[in-house]
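Per-entry structural report
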Amino acid sequence: MGQGLLERGEIMLQTVDVGRRSLDAYRGVAPDAILNDLFRHAESLRGSRVVHINATNYGGGVSELLRSVVPLMNDLGILTDWKVISGDNTFFETTKRIHNALQGARISLTKQESDAYVRNMERNARLFEEEYDYVFIHDPQPAGMLSFRGKGSARWIWRCHIDTSDPAPDVWDFLRGFLQGYDAAVFTMQEFLPPHIPIDHVEIIPPAIDPLSPKNLHLPESTARQILAWLGIDMDRPLITQVSRFDPWKDPMGVIASYRIARKEIANLQLVLAGSMALDDPEAWDIYKEIMNESQNDPLIHVLTNLTGVGNIEVNALQRLSDIIVQKSIREGFGLVISEALWKGTPVVAGRTGGIPLQAADGVGGVLVESVEECAHAIIDLFRNPAEKEELARLGKERVTEHFLTPRLLLNHLSLMHTLSEGLLPFPQSRTAEEVRRDPVCGMAIEEPSLTSRRDDNTYYFCSERCRSRFDADPKRYV
Ligand code: UDP
């Protein structure tokens, strides 16, 4: 039985072993200004004890993030653990339904489901005995633990990675009850905030990718080509790829439909759908079967999974050597795969949803689409305009370097921890967290403000022209 599932006789939450990493290795990779700030801010938090708790140690963006964040926090002298909760099958089926409901699906929970959530939260709370200074709870699955365990002397932070702007009312009411008592909530974008959140301190922190992880580190082209040939991909034919969990919100069937239109124009076009099967995602198997039924008679569509050997290095090679990375999501939290592709110099054609436009603005990194037809035409256009494709990719990589690498995320975490410990720890910087200038549209911290807009005697700062024009079009929404 794998990690995360209910184990007999367990006596504590399971700790994930993440090894050791050094932030010095990021010199010359991530911006120096961010690294310098990070070392300075870490000083007064040295020795603090932090735990990140989520539902699974592999599959999906959260485990991807924690795998990098946790060892790097330790390198800064902040004693950080990563723990995963466990649960029975009904629990994970329930939390998947909660996840879908928070993302907008109009469903409610049965009595049996809400009981399963409560029962599993009670049990996990009992297994969480250690004391920490900061407890980061990721997503809805472990959110209820606080109610049963009590805070102790720790600051509790609910880190929500999904778009909860339009949650199913019943399910949101159910979850809200468990959020009372948290010291802070963190969302990826301002737009993701749910109605009436019962937590006073809310911060916006977009996730980030680790440029030195096996998924993102530099791979020589010859090695990447060998890996793709091993996967059965013909390197002499054009290739588009979507890398994501098999999930209806990622619209894999829409990708196949777009691909079929594009293939009429782009001879011999191949499609890879690479999907990982996460332990906390029972729905994935049904989607996988649906994809197989749709594609099995088509030799140019390759469906690959972690269960047949597609791990980080293979994803790295796919993102590096595909002509285009597609991410045709209908709803999305952040979509780490966008930054992953752009970091490797590959342009994206992606759904205009969630955190995707934050990473790939129109004209920077890719083309954003809202339908099967738009997706197909964007793919065709990029194949026909290689110079445009290259320029998009260049600008996309610049944007990711500036905003979406792990050191920036760590800096945001430290700043939040300082804010929450106000009165307990001195904040060593000249700028406090409140004084950090933030883009009111995307929430990004602005280090060197250049784009501004004035309203009612206030000056607002923006990370990009796109955010400024969205603000100017509807300032009331953001002020
Ligand atoms: N991923 C992977 N193998 C797969 C599918 C996905 O390694 O077959 C990784 C992907 O590279 C990314 C993460 O899983 O790092 C997915 O994160 P994202 O934010 O895009 O979506 P989520 O799954 O969190 O909704």
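Summary of the structure given here. Treat the numbers as computed from the prediction; the structure is a model and nothing was measured.

1. Considerations on the site of the ligand
The environment of the ligand is made up of 17 residues, and the closest members are G61, K215, R245, K250 and E340. Within the backbone of V337, one N or O atom sits 3.4 Å away from an oxygen atom of the ligand. Burial of the ligand by the surrounding chains reaches 90%, relative to a free accessible area of 540 Å². Of all the secondary structure elements, the ones that give two or more residues to the shell around the ligand are α2 (61-75), β9 (270-275) and α11 (336-343). Considering every element that reaches the shell around the ligand, the biggest residue donor is α11, with three residues.

2. What to know about the side chain of Q270
Along the chain, the position of Q270 falls in strand β9. Among the polar contacts listed, one links the side chain of Q270 to the side chain of H302, at a separation of 3.4 Å. When sequence neighbours within four positions are dropped, the list of residues in contact with Q270 reads I233, D234, R237, P238, L239, I240, Y259, L300 and H302.

3. A look at the environment of D81
Note on placement: D81 falls in strand β3 (residues 79-84). Residue D81 is classed as partly exposed on the basis of its relative accessible area, which comes to 28%. Spatially, the C-alpha atoms of D81 and M292 are 39 Å apart, while their sequence positions differ by 211 residues.

4. Looking at the sheet that holds strand β10 (residues 301-305)
The pairing of strands in a sheet happens through backbone hydrogen bonds and is either parallel or antiparallel. Taking strand neighbours across the sheet as the criterion, the six strands line up as β10-β9-β8-β11-β12-β13 in an open arrangement whose pairing is parallel. Both edges of this open sheet fall to β10 and β13 (366-369), since each of them pairs with a single strand only. Between one strand axis and the next, the sheet turns through 20° on average, direction left out of account. Alignment of strand β12 (residues 348-351) against β13, held across four bridges, turns out to be parallel.

Scoring rules and cut-offs
Residues numbered from 1 in each chain as written. Predicted model: local features only at pLDDT ≥ 70, side-chain atom pairs only at ≥ 80, totals over all residues. Heavy atoms only, no water. Near = heavy atom within 4 Å. Polar contact = N/O pair within 3.5 Å; in protein donor to acceptor, adjacent residues only side chain to side chain. Areas by Shrake-Rupley, 256 points an atom, 1.4 Å probe, with all protein chains shown as cover. Helix = DSSP H or I, 4+ residues; strand = E, 2+ residues; numbered from the N terminus. Contact = heavy atoms within 4.5 Å. Buried < 20%, exposed > 50% of the residue type's maximum accessible area, 1.4 Å probe, protein only. Pairing = 2+ DSSP bridges. Axes fitted to C-alpha atoms, helices over the stretch in contact; angles between N-to-C directions.

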